[in-house]
Amino acid sequence: MSTTNEDVGPTPPGERTEARAPRRRSETDRNRSRGRRSNAGLGVLAWAVGLLFVAPVLWMVLTSLHAETDAATNPPSFFAPLSLEGYRSFFGADPWPPLLNSLTASVVSTILVIVLALPAAYALSIRPVKRWTDVMFFFLSTKFLPLVAGLLPIYLFAVQVGLLDTVWLLILLYTTMNLPIAIWMLQSFLSEVPVEMLEAAQIDGAGLLRTLREVIAPVVMPGIAAAALICFIFSWNELLLARVLTGTVAGTAPVFLTSFVTSQGLFLAQVCAASFVVSLPVLAAGFAAQDKLVQGLSMGAVK
Amino acid sequence: MSTQTTAGRKAPGTAAGQPSQTMKKAGAWARRAPLLPALVFVIVMTQLPFAATIVISFMNWNAYYPDDIGFTGFDNFVRVFTDTNTREAVVATVILTVSIVLLSLVLGLAIALLLDRKFLGRGIVRTMMITPFLVVPIAAALLWKHALYNPEYGLLNGLLTLVLGADAPQPDWISTYPLPSIIVSLVWQWTPFMMLILLAGLQSRPLDVIEAARLDGANNWQIFTHMTLPHLRRYLELSTLLGAIYIVQAFDHVFTITQGGLGTANLPYFIYQTFYVGQDYGRASAAGVVTVLGTIIIGILALRTVFSMFKEES
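## Describing the overall build of chain A
- A tally of regular secondary structure across chain A gives 15 helices and zero strands.
- A total of 303 residues make up chain A; the buried ones form 56% of that total.
- A sequence separation of at least 24 residues applies to 74% of the contacts in chain A between residues at least 6 apart.
- When the accessible area of chain A is evaluated, it comes to approximately 12800 Å², of which 67% is carbon and sulfur surface.

If you want it as C-alpha cells, here you go:
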C-alpha cells in the first residue's frame, strides 16, 4: 500500500488528474478505500501534524526523565543523562491516597452511571416512551448547567450531612456529571438494534431476559465499553468540584497536582513526572480502546 | 415522534389524548419505569441545587459577614450586570469558547481529512493525534505553563535560542498574549476530540456514491463541498455541541496558566473565585444563574433551529 502511495507521490500536480484516469474503473473492492488517491506529500504532512501534537507530551516525558538541573535550561538539553529524580520526589510526596481516591471516585461513579443509564437508554430507544426527544434534550440541558452554578448548595448540603471531603460526595457528583452523556451514547447504540430481531425474538417466545442477553447485549456491549471509558476519563480529569469539595482526606490526583506545584516550589522534572503519572491511567485506557473511543464519540450522529 | 411535538412545552400528563386510556397508561408506565431512576437521580442532583442557587442569588450572603445575611431582591443581579469584572468574564467566556471551538473544529476537520487517507503509519499518527485529549487537563495546563511557555526555560523560548542564537527574542508568552496562550493550549487539547468524531464521520461515508460521482467527472473540491460536508453535517454539529459544552466550562487552564488575570477570567473561574475566595455566596449564585440562563438560551436556539440532529430523528 505504502509503496504505491510513494510512487504517486513525487508528482503532486499530476496526481489529481491521474486519480480520475480510466485506470480507476477496473479497480475492485479493495481499492474502494481511498488509499490510492493519497500521496506521500500528504502522508508526510499528516506525520508532521501528528508529531507536532504529540511533541508537548514527549517533551513532558523527556523532561520528567532529566535531573532538575538539566530540566530547566535554555537552550533545552535534549541529550542530558536520564535520571529518575523527578519520579523519586513525586513518589516521595506520597501520591497514593489521592491516586486511590481518584481511582475509587472514577470507577465507582462509572459503574453507577452505566447501571442508571442502561435502563434509561433502553426506555428511550427500543419502543421509546412518549416525547423521548424532550427527555433526551432535558438530559443534555443539564450539561449546559455549569458545575459551579450548583456548587454552593451542594457545598452547604455536604457540610450539613457530613459528606464534605469524602469520596462519596465526588462519586455522586461525577455520576451526575456523566450520566447525561452516557444516556446519549447508549441510546444511540441501542437504537441500532434492528426492530425485526426484537420481533423475531418475541415470536420465538423469548422472554425479556433472553432477549436482552441474546439480541441486545451483543449490539450494546461496545457502546457500554465506550461510554464507560468516556465517563472514566472525565471523572479522572475533574478538578473544580474536587478542589472545592475535598480537602486533606478525599483530595484526588488532579487536586494533588495543583498542591504539588505550590507547596514544593517549581521543580520542573518533578512537575512533569507528576503530570505524566497522573495522566498515565487515562493514556493507557485511551490507547487500548481507541476504536471504542471513536465509536463512542460519534454517538447519536451514527445512523 | 417528530420535532413538531417536541417544540411544545413539556406536559407529560396531556400527552395521551387517545382512547383506551387506562390500558395505555399501564403500558406507558411500564415503559417509563426503566427511565425513572436516572431521571429522578438527575433531577434531584441538578435541579434541586440549581433551585437553591436561584434562592441564594436573591440573598445578601457573604460568609465573611455572617451577621449580615438576608434577602436583597435583585441587588446581586444588578451588581452582576453593572460590575466590570463580570462583564469582562462574559467577554472572556465568549472569546475563549467561540475561538477554541472554531479553531479546533477547523483543525480537527483538516486533520481528519488527512487521516482518512491511507499512508504508512496511519495508526501511529492517529495514536499520536489523540494523545493531547488523554492528558489530564490540569497536567496539560501545568505542562504548557511551566515546560512550554515559561520565558526563562520553557521549550518555546529554548527553541528560539536554539534556532536564532543567543540574542533571539525571548517573549514572556503568558503576560504578553494571555488569551492566545490559553486558547492555544485548549485548542491543542480539544482538536483531537473534534478530529475523532469527524474521522468517524468521514469513515462512514458511502464510498460507492463518491466513486460514482468521481466517474461522472466531479473533482475533489466538488466532492468535498457537495458530498462530504453535507454528510459530515451531523458530526460537525455533534462535535461543536459537545466541544462547546465542555469548553464553556473550561476551568483548569484558566486556573493554572493565568490565574484568571489579564482579562482571562471566564465565568466558571469568576464564579469559583467569587464563591471560594471572596466567599460572596449571593453574588456568586447570581452570576451562576445568569450563566446558566445564557447557556440554556443559546443551547436551545442552536439545538432547535440550527442543528439538524433533533429534526431528523424519529
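## A few points about unusual backbone geometry
- For Asp94 of chain A, which is not glycine, the phi torsion reads 55 degrees and is therefore positive.
- Within the fold, Asp94 of chain A resides in the loop between helix 5 (85-92) and helix 6 (96-125).
- By relative accessible area, Asp94 of chain A is classed as partly exposed at 43%.
- One non-glycine residue with positive phi stands out, namely Leu262 of chain B, at about 55 degrees.
- Here Leu262 of chain B shows up in the loop between helix 13 (252-258) and helix 14 (267-277).
- With relative accessibility at 54%, the residue Leu262 of chain B sits in the exposed group.

## Some words on the packing of aromatic side chains
Residue and element names in this part refer to chain B.
- One pass over the structure, following the stated rule, counts 28 aromatic pairs over all chains.
- Both rings, one in Trp173 and one in Tyr177, keep their centres 6.2 Å apart while their planes meet at 40 degrees; by these two values the pair is tilted.
- The class for Tyr177 is partly exposed, based on a relative accessible area of 41%.
- Centroid distance Trp221 to Phe224: 5.7 Å. Interplanar angle 35 degrees. Geometry classified as tilted. Of the two residues, Trp221 and Phe224 are both situated in helix 12 (residues 220-248); the distance of three residues between them amounts to about one turn of the helix.

## With respect to the layout of surface pockets
- Roughly 750 Å³ of internal volume is contained in the second largest pocket.
- Lining of the second largest pocket is provided by 31 residues; of these, Thr97, Val248, Gly294, Thr295 and Ile298 of chain B occupy positions nearest its centre.
- Every element with two or more residues in the lining of the second largest pocket is listed here: helix 7 (132-144) of chain A together with helix 4 (75-82), helix 5 (84-115), helix 12 and helix 15 (281-306) of chain B.
- Here the lining of the second largest pocket gets 10 residues from one element, more than from any other, and that element is helix 5 of chain B.
- Of the residues in the lining of the second largest pocket, the class split is 20 nonpolar, nine polar and two charged.

## Topic: the interface of chain A and chain B
- Counting residues at the interface gives 110 residues for chain A, matched by 117 residues for chain B.
- For the pairing of chain A and chain B, the buried interface totals around 10800 Å² over both sides, and the portion due to carbon and sulfur atoms is 75%.
- The closest approach of N and O atoms between Asp291 of chain A and Arg126 of chain B, which form a salt bridge, is 2.9 Å.
- If you look at where chain A meets chain B, you find 10 residue pairs in polar contact (both at pLDDT 80 or more).
- Broken down by element, the side of chain A that touches chain B gets its largest block of residues, 14 residues, from helix 3 (residues 40-64) of chain A.
- When the residues that make up the side of chain A that touches chain B are grouped by side-chain class, the tally is 72 nonpolar, 23 polar and 15 charged.

What counts and how
- Residues numbered from 1 in each chain as written.
- Chains lettered and ligands numbered in written order.
- Predicted model: local features only at pLDDT ≥ 70, side-chain atom pairs only at ≥ 80, totals over all residues.
- Heavy atoms only, no water.
- Helix = DSSP H or I, 4+ residues; strand = E, 2+ residues; numbered from the N terminus.
- Buried < 20%, exposed > 50% of the residue type's maximum accessible area, 1.4 Å probe, protein only.
- Contact = heavy atoms within 4.5 Å.
- Areas by Shrake-Rupley, 256 points an atom, 1.4 Å probe, with all protein chains shown as cover.
- Phe/Tyr/Trp six-rings, centres within 6.5 Å; stacked < 30°, edge-to-face > 60°.
- 1 Å grid on protein atoms, 1.4 Å probe; cavity = no way out; pocket = protein on both sides within 12 Å on 5 of 7 lines; lining within 4 Å.
- Points joined across faces, edges and corners; volume = space filled by probe spheres on them.
- Nonpolar A, V, L, I, M, F, W, Y, C, P; charged D, E, K, R; others polar.
- Buried area = accessible area lost by both parts, 1.4 Å probe.
- Salt bridge = Lys/Arg side-chain N within 4 Å of Asp/Glu carboxyl O.
- Polar contact = N/O pair within 3.5 Å; in protein donor to acceptor, adjacent residues only side chain to side chain.

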